[in-house]
Amino acid sequence: MRAVTWHGKRDVRVDTHPDPSIKDPDDVIVQITSSGLCGSDLHLYEVLGPFLGEGDILGHEPMGIVAEKGPGVTSLDVGDRVVVPFNVSCGTCWMCERGLHSQCETTQNREQGMGASLFGYTKLYGQVPGGQAEFLRVPFGDTLPIKVPEGPPDDRFVYLSDVLPTAWQAVAYADPPRDGSLVVLGLGPIGDMSARIARHRGVETVIGIDLVPERLARAQNRGVTTIDLRDAGKDVVDAVRALTGGRGADAVIDAVGMEAHGSPFGKIAHQLAGYLPDALAAPFMKTAGVDRMAALQMAIELVRRGGTISLSGVYGGMADPMPMLQMFDKQIQLRMGQANVHRWVPDLLPLLTDDDPLGTEDFATHHVPLEAAPDAYKMFQEKRDGTVKVLFKPGTATS
């Protein structure tokens with residue numbers, strides 16, 4: 001099969017790999033029909049190379065058709081259409097039963113001190129082959145894949161793998177009152193969908209902040225009040241307070257994470273980690289503050305006293321500096337974590353109807369063949385051509 005693989009910083013390629021096979025009785029093999037390119041994949045492309053191996057298969061947002069199943073699988077049949085959550089979760093352990101699928105005790109990476117395994121995402125999370133490929137082996141066939149109906153296009157359902165539950169959890173954790181205000185920092189895939197979900201849930205004032213014109217325009221077209229960071233600059237706090245009764249937002253979602261602009265020391269740390277040999281870079285990143293903290297620091301400024309910050313953007317450093325005095329004094333609540341996909345599926349599936357209230361069918365800005373992955377990664381990383389969401393379509397020819 002063909003698969004998108006990591007070969008170094010800013011070096012992804014499409015290579016030929018052996019097709020996956022059934023290893024355990026509850027495995028299924030899924031023939032991938034669509035697979036998303038996520039902002040988290042850019043962390044692998046840019047920063048987290050020390051935790052990857054050359055040839056690792058990337059991708060954690062796939063869906064497709066069950067091509068083969070193990071003898072222990074009873075809830076799926078060959079030919080069924082499924083979405084594969086990015087969490088590799090068993091669905092039956094103590095954590096999964098409590099809706100904490102990202103902490104699944106069956107696949108926890110205890111030797112790394114990390115939570116549940118993830119498809120296509122580093123040694124820290126199990127080094128499980130990912131879904132930017134023609135085929136994917138999926139364990140826990142009776143509990144992990146999400147069966148979806150025939151008929152609507154893949155774009156209606158593929159975001160159940162990550163974007164929709166991550167954005168839903170971000171809004172749920174932020175918990176803004178319906179008559180209140182929510183700021184979304186970053187209008188990439190997660191930020192854009194978070195703003196849509198907040199609007200759908202009836203939040204009165206949703207404010208999106210970004211510096212990419214196409215992303216601002218997309219959000220504005222969905223009824224979001226937007227602030228262009230290029231224009232607002234240091235006055236962004238005043239701009240938000242002017243929209244929120246002078247207090248600041250009831251809640252802020254940081255959908256940016258370590259890739260924030262600014263933060264010169266974080267930028268230097270990113271670059272340093274990128275150029276160290278893996279044997280030195282991995283322990284350095286585990287013990288040092290290596291992130292650009294501009295987005296989180298801005299969130300702390302923008303949220304009102306007694307408000308909530310919901311953190312969905314990924315950070316990678318163990319010792320990043322936090323303004324604890326300011327956070328304590330403002331009585332800020334902070335919630336975060338990998339999305340627990342299956343926890344939110346019952347809330348989300350009813351929204352993937354003919355009305356499509358969240359606009360999933362036109363959410364992707366680019367549909368490209370798998371063979372175009374190197375260019376797609378570069379385009380997304382550079383935020384070129386209005387890129388917000390890229391879907392790979394295995395099996396389609398390069399145009």
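Anyway, here's the lowdown on the structure attached to this text. (Residues numbered from 1 in each chain as written. Predicted model: local features only at pLDDT ≥ 70, side-chain atom pairs only at ≥ 80, totals over all residues. Heavy atoms only, no water.)

## Things to note about helix α5 (residues 189-200)
For step 1, the next point in the chain: If you check α5, its first and last C-alpha atoms are 16 Å apart, about what 12 residues at 1.5 Å a residue would give, namely 16 Å.
For step 2, the next point in the chain: Most of α5 sits out of view: 10 of its 12 residues are buried.
For step 3, the next point in the chain: For α5, the full list of buried residues reads P189, I190, G191, D192, M193, S194, A195, R196, I197 and A198.
For step 4, the next point in the chain: Where α5 is buried, its residues touch α4 (163-174), β8 (181-185), β9 (205-210), α6 (213-221), β11 (249-254) and α14 (373-381).
For step 5, the next point in the chain: Phi turns positive one or two residues past the end of α5, at G202, with a value near 90°. (Helix = DSSP H or I, 4+ residues; strand = E, 2+ residues; numbered from the N terminus. Expected span 1.5 Å × (residues − 1). Buried < 20%, exposed > 50% of the residue type's maximum accessible area, 1.4 Å probe, protein only. Contact = heavy atoms within 4.5 Å.)

## Some details on the side chain of Q169
For step 1, the next point in the chain: Mapping Q169 onto the fold places it in helix α4.
For step 2, the next point in the chain: Using a relative accessible area of 4% as the deciding quantity, one classes Q169 as buried.
For step 3, the next point in the chain: One polar contact links the side chain of Q169 to the main-chain amide nitrogen of N340, over a distance of 3.0 Å. (Polar contact = N/O pair within 3.5 Å; in protein donor to acceptor, adjacent residues only side chain to side chain.)

## Concerning the pairing of strand β1 (residues 2-8)
For step 1, the next point in the chain: For β1, a buried count of six out of seven residues is recorded, marking the element as mostly surrounded by other parts of the structure.
For step 2, the next point in the chain: Bridge count between β1 and strand β2 (residues 11-16): six bridges; the pairing is antiparallel. Of the residues in β2, the one forming a bridge with T5 is R13.
For step 3, the next point in the chain: From the end of β1 to the start of β2, which pair antiparallel, there are two residues, and R10 there has a positive phi angle of about 55°. (Pairing = 2+ DSSP bridges.)

## Quick notes on the sheet that holds strand β13 (residues 333-336)
For step 1, the next point in the chain: The six strands are arranged β10-β9-β8-β11-β12-β13 in an open sheet whose pairing can be described as parallel. Unpaired on one side and paired on the other, β10 (225-228) and β13 mark the two borders of the sheet. Strand-to-strand twist of the sheet, defined as the mean angle between neighbouring strand axes without regard to direction, takes the value 20°.
For step 2, the next point in the chain: Pairing of β8 with β9 involves five bridges; the strand directions are parallel. Its bridge partner lying in β9, S181 is registered against T205.
For step 3, the next point in the chain: Contacting β8, β11, β12 (303-311) and β13, α4 crosses the sheet at an angle of about 155° to β12.
For step 4, the next point in the chain: Strands in contact with helix α11 (residues 294-302) are β8, β9, β11 and β12; relative to β12, the strand with the most contacts, it is inclined by about 150°. (Axes fitted to C-alpha atoms, helices over the stretch in contact; angles between N-to-C directions.)

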